[in-house]
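Coordinate inspection notes
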Amino acid sequence: MPATAASPWYKHLWPWIIIGILATSVCLSLSMVSIAVRNPDNLVNDNYYEAGKGINRSLDRELLAQNLGLKASVHLDELTGEVDVRLAGNSDPQSLELNLISPTQPEKDRKVLLSRVEAGRYVGQLEDKVDGRRFVEVLGSEGGQVWRLFEEEKVEHGVTLQLGDEALQGAEHQ
């Protein structure tokens, strides 16, 4: 019986299909690694200890605002960009700072310095339109200590935001 020579592996279809699948997965994995390296997640904080200390400082400022009985209504005029803040409570500083913080996009954060025009009323100017979900922070000082009103709000046209009307989260044990 004559011996027949088997054809070499590279002339068969199945080895090339398997090699193609493996090569495709390697190329896709390398492209995903390069995307991850070029676009790092800026929301991750490496220094957890400092962040924890910051949370305590923030909570102290919010407790001071609560002890002073502070409440604020914030109105953003979409047409003129004017910010009108009405502050009620036992504090009447010369100026306030309003921060509109985007939870996911730091380039959309806005900071507005507000000047007192009369007792309990502060006015400032916003450069551009702000809408959507934001962390709204109002900072002021009383007796050399900084207080803070901070809440998550949905900023919309014609809506007046109320700060200080919700229970303080994280201070149940104090």
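Predicted model only: the values in this text are computed from it and were never measured.

Assigned secondary structure in the protein consists of two helices and eight strands. Helices (α) and strands (β) of the protein occur, in sequence order from the N terminus, as α-α-β-β-β-β-β-β-β-β. With 174 residues in all, the protein has 28% of them scored as buried. In the protein, of all internal contacts separated by at least 6 residues, the share reaching a separation of at least 24 is 52%. Of the roughly 12,000 Å² of accessible surface on the protein, 56% is carried by carbon and sulfur atoms.

Moving on: the sheet that holds strand β7 (residues 145-155). Read across the open sheet, the eight strands follow the order β7-β6-β3-β4-β5-β2-β1-β8; overall the sheet is antiparallel. Sheet topology places β7 and β8 (160-163) at the edges, where each strand pairs with a single neighbour. Along the sheet, successive strands turn relative to each other by an average axial angle of 25 degrees, direction set aside. Pairing between strand β1 (residues 71-76) and β8: four bridges, direction antiparallel. Paired with Ala-72 across the two strands is Leu-163, which belongs to β8.

Bridge analysis of strand β6 (residues 132-142) against β7 gives 11 bridges, and the strand direction is antiparallel. What sits directly across from Val-136, in β7, is Glu-151.

The subject of this paragraph is the nonpolar core. Note on soluble globular proteins: their nonpolar side chains tend to be buried together. By size, the foremost hydrophobic cluster in this structure holds 25 residues, and its most contacted members are Val-74, Val-83, Leu-98, Trp-147 and Leu-149. Those elements that place two or more of their residues in this core are α2 (48-67), β1, β2 (82-88), β3 (95-101), β4 (110-118), β6, β7 and β8. The residues touching Val-83, leaving out its near neighbours within four places in the chain, are Val-74, His-75, Leu-76, Leu-98, Val-112, Leu-114, Tyr-122, Val-123, Gly-124 and Leu-126.

Quick look at a nonpolar patch on the surface now. Residues Trp-9, Tyr-10, Trp-16 and Ile-19 make up a contiguous nonpolar surface patch of about 470 Å² in total accessible area. Mapping Tyr-10 onto the fold places it in the segment before α1 (13-38).

UniProt records the feature "transmembrane region" (unreviewed entry) at residues 13-37, using the numbering of this structure. Secondary structure content for residues 13-37 is 100% helix and 0% strand, and the end C-alpha separation is 37 Å.

Counted by the stated rule, this structure contains nine salt bridges. Here Arg-148 ties to Glu-62 by a salt bridge, and the two come within 2.7 Å at their closest N and O atoms. Placement of the pair is Arg-148 in strand β7 and Glu-62 in helix α2, with a sequence separation of 86 residues. Residue Arg-148 shares its accessibility class with Glu-62, and that shared class is buried. Shared partners join several salt bridges into a network, and the residues in it are Glu-62, Glu-137 and Arg-148.

The subject of this paragraph is the side chain of Arg-134. Position of Arg-134 among the secondary structure elements: in strand β6. Within the buried set, Arg-134 has no salt-bridge partner at all; the shortest N-O distance to an opposite charge, 5.2 Å, is to Asp-131. Among residues more than four places away in sequence, those in contact with Arg-134 are Leu-100, Ile-101, Ser-102, Pro-103, Lys-108, Glu-151, Glu-152, Glu-153 and Val-155.

Cut-offs and rules
- Residues numbered from 1 in each chain as written.
- Predicted model: local features only at pLDDT ≥ 70, side-chain atom pairs only at ≥ 80, totals over all residues.
- Heavy atoms only, no water.
- Helix = DSSP H or I, 4+ residues; strand = E, 2+ residues; numbered from the N terminus.
- Buried < 20%, exposed > 50% of the residue type's maximum accessible area, 1.4 Å probe, protein only.
- Contact = heavy atoms within 4.5 Å.
- Areas by Shrake-Rupley, 256 points an atom, 1.4 Å probe, with all protein chains shown as cover.
- Pairing = 2+ DSSP bridges.
- Axes fitted to C-alpha atoms, helices over the stretch in contact; angles between N-to-C directions.
- Core = buried A, V, L, I, M, F, W, Y, C linked by side-chain atoms within 4.5 Å.
- Patch = residues over 30% accessible without salt bridge, like charges linked within 9 Å, V, L, I, M, F, W, Y side chains within 5 Å.
- Salt bridge = Lys/Arg side-chain N within 4 Å of Asp/Glu carboxyl O.
- UniProt positions renumbered as here; feature names shortened; annotations may be inferred.
- Lys, Arg positive; Asp, Glu negative; His and termini not counted.

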